[in-house]
Amino acid sequence: SVRIAAAQVYYRAFKDYDRALEELMFVRDVESAEVLKLYGLFVRRQGLFEESLEALRRSEVLDPQNAFLANEIGSNCLFLRNDGCARSAAPSRTA
């Protein structure tokens, strides 16, 4: 969607997190994995780690194979100083 692309430009290129969130609010499918992921990243930049973690976890439910999400969830858990949460976010290793 054009709004998602605009939100990413404001977030990545201009570091304008408020405007990025504004653009994201115009997206119709607010429960898509991509929108939830972006929302989680945007609000984390504003220091809202709990809200970010919740959005990233909801995104992971919709896209469980996305390793990026597991990494970002783990990062949020570490920011929140929750080691148990961080360990549970790490993908299990079998070899």
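Refer to the structure presented above.
Just so you know, these numbers come straight off a predicted model, no measurement behind them.

**Quick word on helix α3 (residues 33-45)**
Then comes step 1: Taking 1.5 Å as the rise per residue, α3 with 13 residues should run 18 Å; its terminal C-alpha atoms sit 19 Å apart, in good agreement.
Then comes step 2: Of all 13 residues in α3, ten are buried, a share of seventy percent or more.
Then comes step 3: Taken together, the buried positions of α3 are occupied by Ala33, Val35, Leu36, Lys37, Leu38, Gly40, Leu41, Phe42, Val43 and Arg44.
Then comes step 4: Those residues of α3 that are buried are in contact with α1 (2-12), α2 (17-24), α4 (49-62) and α5 (67-79).

**Some thoughts on the nonpolar core**
Then comes step 1: Formed by 13 residues in total, the largest nonpolar core has its most connected members in Ile4, Tyr11, Leu24, Val27, Val35, Leu38 and Phe42.
Then comes step 2: When residues of this core are traced back to their parent elements, those giving at least two are α1, α2 and α3.
Then comes step 3: Examining the composition of this core, we find that five residues originate from one element, α3, more than from any other.

**Some thoughts on α2**
Then comes step 1: When α2 is considered as a whole, its buried residues turn out to be Tyr17, Ala20, Leu21, Glu23 and Leu24. Buried residues of α2, seen end-on, are gathered within an arc of 160 degrees and therefore sit on one face of the element.
Then comes step 2: Residues of α2 that are buried in the fold lie against α1 and α3.

What counts and what doesn't
Residues numbered from 1 in each chain as written. Predicted model: local features only at pLDDT ≥ 70, side-chain atom pairs only at ≥ 80, totals over all residues. Heavy atoms only, no water. Helix = DSSP H or I, 4+ residues; strand = E, 2+ residues; numbered from the N terminus. Expected span 1.5 Å × (residues − 1). Buried < 20%, exposed > 50% of the residue type's maximum accessible area, 1.4 Å probe, protein only. Contact = heavy atoms within 4.5 Å. Core = buried A, V, L, I, M, F, W, Y, C linked by side-chain atoms within 4.5 Å. Arc of directions from axis to C-beta.

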